[in-house]
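As a plain string of letters, each chain reads:
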Amino acid sequence: MPLPQPSFADLGVPSDIVAALKARSIITPFPIQSATVIDAMAGRDVCGKAPTGSGKTLAFGIGAVARLTGKPARPKHPRMLVLTPTRELCAQVASELATLCTSRNLRVETFYGGVGYGPQLKSLSRGVDIAVACPGRLGDLIERGSIRLDAIEIVVIDEADRMADMGFLPDVRRLLDKTPASRQTLLFSATLDGDIDVLVKRYQKDPVRHELEAEEDASEAVHLFWRVSSGDRVETTASITAASGPTIVFCRTKHSTDRIARQLDQRGVRAAAIHGDRSQKQRERALESFVQGSVDALVATDVAARGIHVDGVNAVVHFDPPTDSKDYVHRSGRTARAGATGVVVSFVTPDKTGAVKRIQRDLGMPAGLDVPDMSKISDVLGAPPQRKPRKEHAGANGSANGSANGSASGSANGTNRYGSGRSESSNGSTRTGKPWKQRPASSRGAGKGPRANGSDRGPSEGSPDRNGSGGGHKKKPAGAGGWSKTGKPGAKPAGARGHSAGGKGGGGQAGSGSHSHAHAGHTGGPKQAAGAGGRRGR
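Residues numbered from 1 in each chain as written. Predicted model: local features only at pLDDT ≥ 70, side-chain atom pairs only at ≥ 80, totals over all residues. Heavy atoms only, no water.

J.: Lay out the overall build of the chain with the relevant residues and their values.
T.: Looking only at helices and strands, the chain has 16 helices and 19 strands in total. Evaluated residue by residue, the chain yields a buried proportion of 48% over its 538 residues. Of all intrachain contacts in the chain linking residues separated by at least 6 positions in sequence, the fraction that spans at least 24 positions is 66%. By element, 50% of the accessible surface of the chain is carried by carbon and sulfur atoms, the whole surface being about 24,700 Å². (Helix = DSSP H or I, 4+ residues; strand = E, 2+ residues; numbered from the N terminus. Buried < 20%, exposed > 50% of the residue type's maximum accessible area, 1.4 Å probe, protein only. Contact = heavy atoms within 4.5 Å. Areas by Shrake-Rupley, 256 points an atom, 1.4 Å probe, with all protein chains shown as cover.)

J.: Got a sec to walk through the pattern of salt bridges? Specific residues and values, please.
T.: The final tally for this structure, using the stated rule, is 19 salt bridges. Between Lys-201 and Asp-197 there is a salt bridge, and its shortest N-O distance comes to 3.3 Å. Of this pair, Lys-201 and Asp-197 both sit in helix α9 (residues 195-203), four residues apart, roughly one helical turn. When salt bridges with common partners are traced through the structure, they connect Asp-197, Lys-201, Arg-209 and Glu-211 into a single cluster. (Salt bridge = Lys/Arg side-chain N within 4 Å of Asp/Glu carboxyl O.)

J.: Describe the sheet that holds strand β11 (residues 297-300), and please don't skip the residues or the numbers.
T.: What links the strands of a sheet is backbone hydrogen bonding, and the strands pair in either a parallel or an antiparallel sense. Within the open sheet, the six strands sit side by side as β8-β13-β12-β9-β11-β10. Their pairing is parallel. Bordering the open sheet on either side are β8 (221-227) and β10 (271-274), each of which pairs with just one other strand. Neighbour-to-neighbour, the strand axes of this sheet turn through a mean angle of 20°, independent of strand direction. Here four bridges tie strand β9 (residues 247-250) to strand β12 (residues 315-318), and the two strands are oriented parallel to one another. Within β12, the position partnered with Ile-248 by the bridge is Val-316. (Pairing = 2+ DSSP bridges. Axes fitted to C-alpha atoms, helices over the stretch in contact; angles between N-to-C directions.)

J.: Go over the environment of Val-228, please, and point to the residues and values.
T.: The topology assignment puts Val-228 in the loop between β8 and α11 (233-244). In this view, Val-228 contacts Arg-233, Thr-236, Phe-347, Val-348, Thr-349, Pro-350 and Pro-372; residues no more than four positions away in its chain are not counted.

J.: Let's hear about the packing of helix α2 (residues 31-41) against helix α3 (residues 56-67): which residues, and what values?
T.: Look at α2 against α3: their axes get within 8 Å of each other, and the N-to-C directions meet at 20°. Overall, the two elements α2 and α3 adopt an arrangement that is roughly parallel. Note on packing geometry: the crossing formed by α2 with α3 is right-handed. For the pair α2 and α3, the contacting residues are Ile-32, Gln-33, Thr-36, Val-37, Ala-40 and Met-41 in the first and Lys-56, Leu-58, Ala-59, Ile-62, Gly-63, Ala-66 and Arg-67 in the second. (Parallel < 35°, antiparallel > 145°, perpendicular 65-115°, else oblique. Left-handed = near helix turned anticlockwise from the far one by under 90°.)

J.: Could you give an account of the packing of aromatic side chains, naming the residues involved and the relevant values?
T.: This model, assessed by the stated rule, comprises three aromatic pairs. When the ring of Phe-225 is compared with that of Tyr-328, the centres are 6.0 Å apart and the planes differ by 15°; the resulting orientation is stacked. Of this pair, Phe-225 sits in strand β8 while Tyr-328 is found in helix α14 (residues 325-332), placing the two residues 103 residues apart along the sequence. Under the relative-accessibility criterion, Phe-225 is labelled buried at 6%. On the basis of relative accessible area, Tyr-328 is assigned to the buried category, the value being 1%. Where Phe-319 meets Phe-347, the ring centres are 6.0 Å apart and the plane angle is 65°; that geometry is what we call edge-to-face. Highlighted residues: Phe-319 in the loop between β12 and α14 and Phe-347 in strand β13 (residues 342-348), separated in sequence by 28 residues. (Phe/Tyr/Trp six-rings, centres within 6.5 Å; stacked < 30°, edge-to-face > 60°.)

Shown next as structure tokens:
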């Protein structure tokens, strides 16, 4: 008969932290938390092995925050450092820690790349108690002299095995060498062999090891391997998302991630893409849309396999099978987190059958492939969850649904989100192509309206410019018939390099809405027909 699970108060967690956890309906600790919190609060170095989604963030967070007492941090001198491999994980760890620090007035800040330095430098100048950082940006800040690590009391290395996979261990070692030898070091990882064991031996002092047993590691996810053709994968993904609700779809390449997100959106599945080429703001916006329920499917590359820590993910789809069993575990860990139930579906095309069988063998899973069967998902998850209504936007000629990928309809007055006068949706469908970008008004000259369809049009046809000032040039005074080679108004005689947009001025002639140029030796006559190969406005 298993022993009853102790409460956080039974573990000796301070009452203010217990209250903060209770406010989030966290009452009973998970196994990794029960095993490590007491040693962490005692100041011991801890080495914890547990799978993704087992509660490691609170395991090190509770113990570390409980020990941060006394004076607040000095400017540029944080007291606690948490190292994470990805930006998304960095932000999510900071959010978890902030809830524990509310009653203690401890400042928690994130430091990662892809965003400007300004806010980070400002926070450091005020003083940061807990710095949650990615190794690259932290190294840059140290080189700038914006942060020092000689006052660090506690160091946490989160997802250490992922750090090794991404090649960050040399940076991690350089950062740890800058911290005091008296620090407390907490290391958490899904594996503790190879490079991780070297890190443990070099930077931890007599660490207490806590490794969950196999039955405690067991995930509540149901793993399905479906035989599908390449052309059927998108449709099958849409059906899985409709049956399961919040779904993360993993692809191999950045290009395919964007393409699949568009294709799912066309099939009525609200999808957002997240990968390394997206800006940090785009990644945060996509992740927030997924968390809030305004996006049904998050399509991601492996950059997100360890970086996305979101509760309530019902399904994971391996659109492209991972390269090995380790990546399979990392991806699949996005669902069935913290004791919840989830489904993991792998698409197996004929050319990937051998690789998938090796993964099954390495993980001790039953071999074999099945045909797609949505009833198996319903058997695990029950009835499909109710979807959050899609927001409607009135367009010029109808309404279209916006999506987290950035495709949204025009406004009621016919001006779309990119500022052009044409409608994005002429038949009620969502536009997903690249938007036409309007040139700034300052580059078109005074009184010029927006140009339709991307053409370099000067004045409208009803009011031709008789002074020969081209609609595409800047700062050209009225009546200046020629341009010098430097692009500035010059005293070149008319006809040497004339320019006109709707009238005869200089040596060139152009029909309304187009540009052409005449060259030396052809005074008064154009060398090229208007609009037929003539140079576009500069």
